[in-house]
Amino acid sequence: MGRKVGEKGAGVFTSSCLVLCLSGSGYVFYETILEGSITYVKLWRWFDSDLLLVYFGLQFDSLGAGMLLVVAVVSTLVHVFSIAYMEGDPHIPRFMALLSFFTFLMFILVSSDNLLQLFIGWEGVGLCSYLLISFWLTRLEANRAAIKAMLVNRIGDVGLILAAFIFLEVYGTLEFSSLFAIPLSSYQISFICLLLVFGAMGKSAQLGLHTWLPDAMEGEKALFMVTAGVYLLIRCSPFLEQAPVVLVGITVLGSLTIFVAATSGVVQSDLKKVIAYSTCSQLGYMVLACGISSYSISLFHLMNHAFFKALLFLGAGALIHALSNEQDIRKMGGLLLPLPLIYSVMLIGSSSLMGLPYLTGFYSKDLILELVLEQYYTTFAYWLGCFSVFLTAFYSVRLLYLVFLSGTNAQRGLVIKEGSWVLILPLVFLAIGSLFWGYLTKDIFWSFQTTISPSGSIIVKMLPTVLSLGGAVVVVIFFLKISTLSHWLFLGYTFFLSAWQFNFLFNYFFILKIMKTGVLFSYWTMDKGAVELLGPRGLSYFWVWMAQRLSHLQSGLVFNYVLVILLGVISLFLATL
């Protein structure tokens, strides 16, 4: 179809379809969340056997409706943005098809009423993510990043698959409504929750399985996939509430992810990698909220984060588009005057990310930190989160300073101008969401959390804001005194730039060991060993050896031939007895 409608037609057609989906998602959001009407729809019988009966069904509750709206809004604006961003690329129809298919699978994932249907969407978005990362097939780094993302996600997916098998084997159903009503033993529920958390770790880039996300910035990618893991934790919250030990582990995992990702983002020089580590850190806040049983606040931060992070990613795309595909922030600078609108939206997105008062990010991130402080065993998580707020402000202001406010390092003779209105309009809508969405919806999502009892201390409430402003001030001091600080910061800079050496550790302790074991077993033992001995080479050696033994009978001596004839006659005679 893309060949018939052309490049512009493909963009207009897919964007129009997404606008229709956005209208439907808005209606579902209104009926479900604002009117309180939860709907379950059974469409058709999907799997019907003696062992398993699964319907293809849709579940529209507050969680599904909120996710549907956010996915529809962000995907629609990304489609419109891509029309201008991908202009001139001969493969626009393929890109739009992949982007639309990704959105469809996200709809399937967030509206599923059973684990099997969720798994179809789960694997589907992983496949589309792989295809989008490797969209430019001739770029070696994009292909490597796509393979890495696929493999790391497959490691996490093992947890989800095993959990589904356990549900099917023990309880004979995969329907969420049925599973939540079945009593489980503490051992079973703890093991199942560990598997579900492991699955969420891969998809939502939590510490240990997070290394694929920064590399995925090499190619075009629908980054909304990373929220699927958080969605899984929120959807399976009835299970998690029965496993308090697993909740403590989730809290530790989220807080460590926040800290490690924030420290890595401070020193990155690639524009997209700074935002990628920021995404990883914010996903840690969502997981942290799940660890303290504040699932509605986690969903609220997920929705808020979707607006300002989409704004930052699309703003970065517009910036790279204006600079002819330059992504190194050290080669930018002085772009405030030629790109004032892009600077404005990046400032709004960064401020909301920092959690400055009355912006969208403020209403969820600060509340998460207050709720964490109420848990006596998570004090360390609170201080890690607060320190990461400082680091978030540091790398956000650093990015703005190096790109827009510092002296120019851009290529000489480069014509810099903002894109067309098709490129800018999605940024404006996302900027409005980054400013007002949190304020407009805070009462709705706060009302879902019946256990909210944030601290009344003004110090606790003001500390994240003070740390954000302190991080901004430290950036200014840092760049003014960089010459005197650089000699003792170099060691820490290189360590954080390598993202805590996670790639090296995985490669050295796991990948190389597995590769050596594979070479020893599959190559030397099987391929060069058993297969060669029993296969073509072994057979050829055997027949050569046999022919050489038989050739000794052809000696040319009469008594040898007579002996053979006598032996043959005797054998024949004995055989006939």
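None of these values were measured; they are calculated from a predicted model.

Novice: Let's hear about unusual backbone geometry: which residues, and what values?
Specialist: The phi dihedral of Ala205 is positive, around 55°, even though this residue is not glycine. Topologically, Ala205 is positioned in the loop between α7 (186-203) and α8 (212-215). The class for Ala205 is buried, based on a relative accessible area of 0%. One non-glycine residue, Ser293, adopts positive backbone phi at about 65°.

Novice: Break down the packing of aromatic side chains for me, with residues and values.
Specialist: Under the counting rule described, the total for this entry stands at 18 aromatic pairs. Each ring, one from Trp44 and one from Phe56, has its centre 4.7 Å from the other, and the planes form 10°; the classification is stacked. Of this pair, Trp44 sits in strand β1 (residues 39-48) while Phe56 sits in strand β2 (residues 53-60), and the two are 12 residues apart along the sequence. Take Trp44: its relative accessible area is 47%, and that puts it in the partly exposed class. Among the residues examined, Phe56 registers a relative accessible area of 14% and is labelled buried. Measuring from centroid to centroid gives 5.4 Å for Phe362 and Tyr363, while their planes differ by 75°, and the two rings are edge-to-face. By relative accessible area, Tyr363 is classed as buried at 8%. Chaining the aromatic ring pairs together yields one cluster made of Phe167, Tyr171, Phe176, Phe180 and Phe239.

Novice: Describe in detail the pattern of salt bridges, supporting the description with residues and values.
Specialist: Taken as a whole, this structure holds nine salt bridges when the rule is applied. Put simply, Arg144 and Glu141 hold a salt bridge, and the shortest N to O gap is 3.2 Å. One end of the pair, Arg144, and the other, Glu141, are both in helix α5 (residues 140-171), three residues apart, so they sit about a helical turn from each other. Take Glu141: its relative accessible area is 42%, and that puts it in the partly exposed class. In this structure, Asp328 and Arg330 form a salt bridge, with 2.9 Å as the shortest nitrogen-oxygen distance. Salt bridges sharing partners connect three or more residues here, namely Lys42, Asp113 and Glu175.

Novice: I'd love a proper account of the nonpolar core, names of residues and values included.
Specialist: Counting 159 residues, the largest nonpolar core has Leu118, Trp212, Phe224, Phe239, Leu240, Leu319 and Phe404 as its most contacted members. Element by element, the count of residues in this core is highest for helix α13 (residues 295-322), at 18 residues. Apart from residues no more than four positions distant in its own chain, Leu319 is found in contact with Leu271, Met332, Leu335, Leu339, Ile342, Val403 and Phe404.

Novice: Outline the confidence of the model for the chain, listing residues and values.
Specialist: Predicted confidence across the chain gives a mean pLDDT of 83, with 89% of residues reaching 70 or more. Below pLDDT 50 for its whole length, residues 483-488 participates in one contact with residues either more than four positions away or in separate chains.

Novice: Lay out the packing of helix α3 (residues 92-110) against helix α4 (residues 115-133) with the relevant residues and their values.
Specialist: One way to put it is that α3 packs onto α4 with a least axis distance of 8 Å and a crossing angle of 155°. Viewed along their axes, α3 and α4 adopt a mutual orientation that is roughly antiparallel. For the crossing formed where α3 meets α4, the hand is left-handed. Between α3 and α4, the residues in contact are Phe95, Leu98, Leu99, Phe101, Phe102, Leu105, Met106, Ile108 and Leu109 and Gln117, Leu118, Ile120, Gly121, Trp122, Gly124, Val125, Cys128, Leu131 and Leu132, respectively. Among the residues making up the contact of α3 with α4, the classes are represented as 16 nonpolar, three polar and no charged.

Novice: Account for helix α9 (residues 227-235), naming residues and giving values.
Specialist: With nine of nine residues buried, α9 lies mostly within the body of the structure. Regarding α9, the residues found buried are Thr227, Ala228, Gly229, Val230, Tyr231, Leu232, Leu233, Ile234 and Arg235.

About the thresholds
- Residues numbered from 1 in each chain as written.
- Predicted model: local features only at pLDDT ≥ 70, side-chain atom pairs only at ≥ 80, totals over all residues.
- Heavy atoms only, no water.
- Helix = DSSP H or I, 4+ residues; strand = E, 2+ residues; numbered from the N terminus.
- Buried < 20%, exposed > 50% of the residue type's maximum accessible area, 1.4 Å probe, protein only.
- Phe/Tyr/Trp six-rings, centres within 6.5 Å; stacked < 30°, edge-to-face > 60°.
- Salt bridge = Lys/Arg side-chain N within 4 Å of Asp/Glu carboxyl O.
- Core = buried A, V, L, I, M, F, W, Y, C linked by side-chain atoms within 4.5 Å.
- Contact = heavy atoms within 4.5 Å.
- pLDDT = per-residue confidence, 0-100.
- Axes fitted to C-alpha atoms, helices over the stretch in contact; angles between N-to-C directions.
- Parallel < 35°, antiparallel > 145°, perpendicular 65-115°, else oblique.
- Left-handed = near helix turned anticlockwise from the far one by under 90°.
- Nonpolar A, V, L, I, M, F, W, Y, C, P; charged D, E, K, R; others polar.

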